[in-house]
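Summary of structural features
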Amino acid sequence: LRALGVERWQIPGGQEIALAEKLNALPGVEYAEPNYLVWAHLTPNDPGYSSQWAHTVINSPAAWDLTTGSSTVTVAVIDSGVDLQNAELQGRLTAGHDYVNNDDCPDDDYWHGTHVAGVIAATGNNHQGIAGMAWQTRIMPVKVLDDTGNGTDADTAQGITYAVDNGADIINISLGGVDSSQTLYNAVKYAHNHGVLVVASGGNCGNELTYKDNGCTYKNQPVYPAAYDTEVFAVAATSDYDVVATFSNRGDYIDIAAPGTSIYSTVLNDHFGWASGTSQAAPHVSG
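Residues numbered from 1 in each chain as written. Predicted model: local features only at pLDDT ≥ 70, side-chain atom pairs only at ≥ 80, totals over all residues. Heavy atoms only, no water.

1. A short note on the environment of isoleucine 130
As a reminder, the rule being used: In this description a helix means any DSSP run of H or I spanning at least four residues, a strand means any run of E spanning at least two, and both kinds are numbered starting from the N terminus. Each residue is assigned to one of three classes by its accessible area relative to the maximum for its type, calculated with a 1.4 Å probe on protein chains only: buried under 20%, partly exposed between the two thresholds, exposed over 50%. A contact between two residues is defined here by any heavy atoms of the two lying within 4.5 Å.
For isoleucine 130, the location among the structural elements is in the loop between helix H4 (112-121) and strand E3 (138-143). Of the residues examined, isoleucine 130 reaches a relative accessible area of 0% and is grouped as buried. Ignoring anything within four residues of it in the chain, the contact list for isoleucine 130 reads Asp46, Gly48, Gln52, Glu88, Gly118, Ala122, Thr123, Gly124, Tyr264, Ser265, Thr266 and Phe272.

2. Quick notes on the nonpolar core
Condition: What is meant by a nonpolar core is a set of buried Ala, Val, Leu, Ile, Met, Phe, Trp, Tyr and Cys residues, joined one to another through side-chain atoms within 4.5 Å.
In terms of nonpolar packing, the biggest core is built from 35 residues, with Ile78, Ile160, Ile171 and Ile173 touching the most fellow members. Those elements that provide at least two residues to this core are strand E1 (74-79), E3, helix H5 (153-165), strand E4 (170-173), helix H6 (182-193), strand E5 (197-201) and strand E6 (233-238). If one sorts the elements of this core by residue count, H5 sits on top with five residues. Setting aside residues no more than four positions away along its own chain, isoleucine 78 makes contact with Val142, Val144, Thr156, Gly159, Ile160, Ala163, Ile171, Asn172, Ile173, Ser174 and Leu175. Counting 18 residues, the second-largest nonpolar core is a separate cluster that includes Val75, Ile139, Val199 and Ala237.

3. A word on the packing of H5 against H6
Definition in use: Here the axes come from fitting lines to C-alpha atoms, over the contacting stretch only for helices, and the angles between their N-to-C directions go from 0 to 180 degrees. When an angle is under 35 degrees it counts as roughly parallel; over 145 it counts as roughly antiparallel; between 65 and 115 it counts as roughly perpendicular; any other value is oblique. Gly counts as polar in this scheme, as do all residues outside two lists: the nonpolar Ala, Val, Leu, Ile, Met, Phe, Trp, Tyr, Cys and Pro, and the charged Asp, Glu, Lys and Arg.
Contact geometry for H5 and H6: axes closest at 8 Å, N-to-C directions at 10°. When the axis of H5 is compared with that of H6, the two are roughly parallel. Facing Asp153, Thr156, Ala157, Ile160, Thr161, Val164 and Asp165 of H5, the residues of H6 in contact are Thr183, Leu184, Ala187, Val188, Tyr190 and Ala191. For the contact of H5 with H6, the residue count by class is eight nonpolar, three polar and two charged.

So this is what it looks like as structure tokens:
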């Protein structure tokens, strides 16, 4: 580096600091230092990124400097299906199944599963839409909720075992109910015993003003499968003030909290929208 009067030396790896210290002790050396690493500070160019407050609060850009995900990782979305034509997920949707209509077309006719999938893996830095948590990650759509957002434990259990048997590494379950089911518990144990991480929304029973609207009979009522403590990683929701959301469940079975209020993500027909709930917190963790 002639303009700076600096010489760059190549030496065996691991000796940089020790040699710099020795050189700095010599009277004829102005300074010696390792050739430190730098990297791009990646901020995605997606127009909807400015509406995604969660990435700033949880410092996603620092993670993206290291990795934007891997196509070797598959996250199964056990939900209302996924919009199979959604532009933000093209090329990364695996085969899936629909347990509501009993076919192999797990297309979303509600919106919820598409919203969850976008939080996990919407393509970032592509000059369109939003940025998901892990842009290269593959999504396995498994439909267990109908066009009103309702389903059963049996279909959910089938969805879990399908995901395990077809190579999912992580299962996101942004749904639940207040009744414990042995069949559902056996399904999450099946995933756990096969080394598959099950991430589930912790429930929206946390506020006496809203718990009845979320199928709960009392404040902070545990929901399942999140409350299966050992086998499931349960997620509470936080707000843009980085405090627990008023609607979010609390309790010993909760393992972690993540953004879950006014989350901007993909919905049907290549549109985007906001939603709140522990359903939105869980996919931040899965991603």
